Amino acid sequence: MGKAIRLDKYLADMKVGSRAEVKQLIRKGRITVDDQPATKPEQKIEPGVSRVFLDREEIGYVEKEYWMLNKPMGVVSATEDKQFATVVSLIKDAKRKDLFPVGRLDKDTEGLLLLTNDGSLAHHLLSPKKHVDKTYFARIEGIVTNEDVKAFEEGLDIGEEKKTMPAGLEILESEDLLEGQSKILVTIQEGKFHQVKRMFEAVGKKVLFLRRISMGPLVLDERLKPGEARKLTKEEIQLLKSLTRIS
Ligand code: URA
């Protein structure tokens, strides 16, 4: 596995406690490394080689974690928040303490959100230069037309310096729906604040409901109910990583 790290960092990374708390545990003799009681927080540990125990429980090391969350409404895309529950708090079985969401979904948006501690992968997925497609399902107030499809393709003025990059708009249901609503799929490669909502505002319509269903090669698992999460499979992680290699 990776490089040697300090024992206190190893334990804190794996959510055994804060740095101060794990130092206490070491001082009390409750931590062993390769069957020897540990005495120094700065002792170097080789993850995957040294065996670390708290009392009788082995504390394995996980270097990188990747979770797919079906984000529910009402939860904020942040690691900490004074007022609202965060997406990170929904990953109950996370081993590491340093997960963060890759990008943001609005508080009232549902759907696919990747949480990881892999900063370099996150950077690749979020950079507009990498042209990673993000597809959303939305319910719209108003009748979405073929003119709108063209306008999305050509780029819209949403009050930024530049027009939006070409976006794919697909009408799923339009005229027949009750009360002049439409259902659509929209694919964008950027991630500006409230981007999809602002794009529909630019064509005089309103997003009533928004759910992200894919990000690059990653597709929301239909079995996940809002609020549920699962680890990415090896194949999914490979797909994401291969994306960063070719771009
Ligand atoms: N566009 C939005 O307007 N909101 C989101 O949460 C994501 C994309």
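Nothing here was measured: the structure is a model prediction, and the numbers come from that model.

About the thresholds
- Along each chain, the written sequence defines residue order, and numbers are assigned to residues from 1.
- A pLDDT threshold of at least 70 governs which residues receive local features in this predicted model, and a stricter bar of 80 or more applies before side-chain atom pairs are shown or counted, although totals over entire chains, interfaces and linings include all residues.
- Side-chain measures were taken over the full set of non-hydrogen atoms in the model, leaving aside hydrogen atoms and water.
- A run of H or I in DSSP counts as a helix once it spans at least four residues, and a run of E counts as a strand once it spans at least two, with each numbered from the N terminus.
- Our radius of gyration is a C-alpha quantity, and the globule rule it is checked against amounts to 2.2 Å times the number of residues to the power 0.38.
- When accessible area is computed with a 1.4 Å probe and restricted to protein chains, residues below 20% of their type maximum are described as buried, those above 50% as exposed, and intermediate ones as partly exposed.
- Note on contacts: a residue pair is in contact if any heavy atoms of the two residues lie within 4.5 Å.
- A residue counts as positive if it is Lys or Arg and as negative if it is Asp or Glu; His and the chain ends are not included.
- A charged residue contributes its charge at one atom only: NZ of Lys, CZ of Arg, CG of Asp or CD of Glu.
- Consider each residue's heavy atoms; a residue with any of them within 4 Å of a molecule or strand counts as near.
- Polar contact is defined as a pair of N or O atoms within 3.5 Å, subject to the rule that within protein one atom must be able to donate a hydrogen and the other to accept it, and that residues adjacent in sequence are counted only when both atoms are side-chain atoms.
- Methods summary: accessible areas were calculated by the Shrake-Rupley approach with a probe of 1.4 Å, and residue burial reflects only the protein chains presented.
- To qualify as a nonpolar core, a set must consist of buried Ala, Val, Leu, Ile, Met, Phe, Trp, Tyr and Cys residues joined through side-chain atoms within 4.5 Å.
- DSSP bridges decide pairing: two strands pair if at least two such bridges lie between them.

1. Side note on the overall build of the protein
Secondary structure summary: the protein contains six helices and 15 strands in total. Computed over the C-alpha atoms, the radius of gyration of the protein is 22 Å, more than 25% above the 18 Å expected from 2.2 N^0.38 for a compact globule of 247 residues. Counting only C-alpha atoms and orienting by the principal axes, one finds that the protein spans roughly 70 × 35 × 35 Å. In the protein, buried positions account for 45% of the 247 residues. In the protein, the share of contacts with a sequence separation of at least 24, taken over all contacts with a separation of at least 6, comes to 65%. When the 44 positive and 41 negative side-chain charges of the protein are each reduced to one mean point, those points stand 7 Å apart.

2. Considerations on the site of the ligand
For the ligand, the full set of nearby residues is Leu105, Asp106, Thr109, Tyr136, His194, Gln195, Val196, Lys197 and Leu210. Side-chain polar atom of Asp106 to a nitrogen atom of the ligand: 2.7 Å apart, as the coordinates give it. The side chain of Thr109 places a nitrogen or oxygen atom 2.9 Å from an oxygen atom of the ligand. When the ligand is considered free in solution it has 230 Å² of accessible area, and contact with the protein chains removes 96% of it. If one sorts the elements of the shell around the ligand by residue count, helix α5 (residues 195-202) sits on top with three residues.

3. As for the nonpolar core
In terms of nonpolar packing, the biggest core is built from 30 residues, with Phe152, Ile184, Val186, Val196 and Phe200 touching the most fellow members. Listed by contribution, the elements that provide at least two residues to this core are β7 (66-71), β9 (110-116), β10 (134-141), α4 (146-154), β12 (181-188), α5 and β13 (206-215). Leave out the neighbours within four places in its chain, and Ile184 touches Tyr136, Phe137, Ala138, Ile140, Val144, Leu169, Glu170, Ile171, Leu172 and Phe200.

4. Re the side chain of Lys197
As for its position among the elements, Lys197 is in helix α5. Residues within four places of Lys197 in sequence aside, it is in contact with Asp106, Asp108, Thr109 and Val207.

5. Some thoughts on the environment of Glu179
Relative to the helices and strands, Glu179 is located in the loop between β11 (168-173) and β12. Taking relative accessible area as the criterion, Glu179 reaches 72% and is therefore assigned exposed. Residues Glu179 and Pro128 lie 51 residues apart in sequence; the distance between their C-alpha atoms is 36 Å.

6. Some words on the pairing of β12
Looking along a regular strand, one sees side chains alternate from face to face of the sheet. In terms of burial, β12 is largely enclosed, as six of its eight residues are buried. Bridge count between β10 and β12: eight bridges; the pairing is antiparallel. In the strand pairing of β12, Phe137 is matched with Leu185. Judged from the five bridges that link them, β11 and β12 form a sheet pairing that is antiparallel. Counted as the bridge partner of Gly168 is Thr187 from β12.

7. Focus: α5
Across the eight residues that make up α5, a large majority, six, are buried. Taken as a whole, α5 has its buried residues at Gln195, Val196, Lys197, Arg198, Met199 and Phe200. Residues of α5 that are buried make contact with β10, α4, β11, β12 and β13. The positive-phi residue at the C-terminal boundary of α5 is Gly204, with phi of around 75°.

8. Some remarks on the pairing of β10
Across the eight residues that make up β10, a large majority, six, are buried. Alignment of β10 against β13, held across eight bridges, turns out to be antiparallel. Residue pairing for β13: Arg139 is matched across the bridge by Phe209.

9. Some details on the sheet that holds strand β5 (residues 52-54)
Judged by pairing direction, the sheet is antiparallel, and its four strands sit side by side in the order β3-β2-β5-β6 without closing on themselves. Sheet topology places β3 (36-37) and β6 (57-58) at the edges, where each strand pairs with a single neighbour. Sheet analysis places strand β2 (residues 31-33) next to β5, joined by three bridges and oriented antiparallel. Across the sheet, the residue bridging to Ile31 is Leu54, located in β5.

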